[in-house]
Structures are given as C-alpha cells and as structure tokens.
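Listed below, chain by chain, are the residues.
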Amino acid sequence: MLFTHDTELNLSFLQALGDTVAEASESGVDELATEAQLAALLAAWKFSGRIDNDARELRDVRAVRDRIRDVWGADEQTSVDWVNETLVRARAVPRLVDHDGLGWHIHATDLDTPLAERILVEAAMSLVDVIRAGRLDRLRDCEADDCVGIFVDLSKNGSKRFCSTRCGNRVAVRAYRQRAQEV
Ligand SMILES: [Zn+2]
Ligand SMILES: [Zn+2]
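Residues numbered from 1 in each chain as written. Chains lettered and ligands numbered in written order. Predicted model: local features only at pLDDT ≥ 70, side-chain atom pairs only at ≥ 80, totals over all residues. Heavy atoms only, no water.

Draft legend 1. Region of the structure containing the coordination of the zinc ion (ligand 2). Every protein donor of the zinc ion (ligand 2) is accounted for by C142 (SG), C147 (SG), C163 (SG) and C167 (SG), and the metal-donor separations fall at 2.3 to 2.4 Å. Here the zinc ion (ligand 2) is ringed by 4 donor atoms whose angles at the metal span 104 to 115 degrees, and the overall shape comes out tetrahedral. The class for C163 is buried, based on a relative accessible area of 8%. Given a relative accessible area of 0%, C167 falls into the buried group. (Donors = N, O, S within 2.8 Å, 3.2 Å for Na, K, Ca; no water. Tetrahedral: all angles 85-135°; square planar, octahedral: opposite > 155°, others 65-115°. Buried < 20%, exposed > 50% of the residue type's maximum accessible area, 1.4 Å probe, protein only.)

Draft legend 2. Inspection of the pattern of salt bridges at higher detail. Taken as a whole and judged by the stated rule, the model has 13 salt bridges. For R56, the salt bridge goes to D60, with nearest N and O atoms at 3.9 Å. With R56 and D60 both in helix α3 (residues 55–71) and 4 residues apart, this pair spans about one turn of that helix. Look at R56 and you get exposed, because its relative accessible area is 57%. Among the residues examined, D60 registers a relative accessible area of 26% and is labelled partly exposed. Of the charged contacts in the structure, one is a salt bridge between R174 and D145, with a shortest N-O distance of 3.4 Å. Placement of R174 in helix α6 (residues 165–182) and of D145 in the loop between β3 (139–141) and β4 (150–152) is noted, with a sequence separation of 29 residues between them. (Salt bridge = Lys/Arg side-chain N within 4 Å of Asp/Glu carboxyl O. Helix = DSSP H or I, 4+ residues; strand = E, 2+ residues; numbered from the N terminus.)

Draft legend 3. Structural view of the packing of aromatic side chains. In total, this model carries 2 aromatic pairs according to the counting rule given. Here F13 and W45 contribute two aromatic rings whose centre-to-centre distance is 5.8 Å and whose plane-to-plane angle is 70 degrees, an arrangement assigned as edge-to-face. Remark: W45 occurs in the loop between α2 (35–44) and α3 and F13 occurs in helix α1 (residues 5–18); sequence separation between them is 32 residues. Among the aromatic residues, those joined into a ring-pair cluster are F13, W45 and F47. (Phe/Tyr/Trp six-rings, centres within 6.5 Å; stacked < 30°, edge-to-face > 60°.)

This is how it looks when you write it as structure tokens:
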C-alpha cells in the first residue's frame, strides 16, 4: 500500500469526482449536472455527515471539482501552497476519529460542515500524505489525447497511464489499427 487506507479511498473518490466532467466521463456528458447525480455519487462512495441535497450544494461541489482538477498533477510547490491555503481558509483542525469501523483516521472538519468544504479539506489532507510521502507523481492526467481524465496510480510499479480501462483499450485499438495500416 502506498498510503493509508483512508487516504487511498479518498484519492480514489477524488478521481471519480474529477472524472465526472464531460471530457472525461464515460457518457461523454457532465455526470455531475444534477442533484440526483451528486446523490448517487455520494451514495456510491458511502459519504456520511451533512448532505443538503440542494442546488447550492451541487454548485459548490462542482466548484470544488474544478479546484481539485486544478491541483491534480501540479508541481510540488504549487501543491503545497494549495494545501496550506485550503487548510487555513477552512480553519481546519485535524483530530483523530474512529467511526463506521474505519479505524483511527484524521478529520479536519466537523460532520456538519457543508459537504463541498469537507470534500475540499479532505482533499487537502490526502495531499498532505501524498506530498509527505514524495508521491505527487502518482496523481496523473490520462494519457489518452481525447480525454482530460485524472487518476491516482496506486499500483505497485506505478505504470498506469490511463484514467480507465476504457481509455486504455481505446488507445490500444487505435495503435493497433495504425500499425495494421502501416504494414
Ligand atoms: Zn471519517
Ligand atoms: Zn482517460
């Protein structure tokens, strides 16, 4: 394991969140356009704590999605500044908690803090782990040239190149066709 379980889980969630944009989603349209879509995403990732399920929350989470996509793959200093600014602005106070059988992990917001802010602060806390481990190289952009997907490479050898098997397959098929034409 590269990071602690809760950090790996959260990074995977952030990948899923970031890849809901139209240019990365499987459907080719924005998959975080409605409150129902947000509710489905949260349910799939078993989100707890305050969930308002209203238009404002959706708007704020969409804005957070942009901020996370911005910092994903950024250089070390940019990432450090992003983390510090995010934690200061949210007045984050880290504490150890244990709930839902997850074991001891860190929360830096209260469960009644608005969802978008919790996602943002948790992203910052996960980045703390990634930066401290010297593993920012594992937060990558999809190498398919028609995809703006982001992904975290949690594999042992760190050789992942695409946000999804869908992108990997598409690029492989295209390369195969190109080779076939050249023969
Ligand atoms: Zn927790
Ligand atoms: Zn992709």
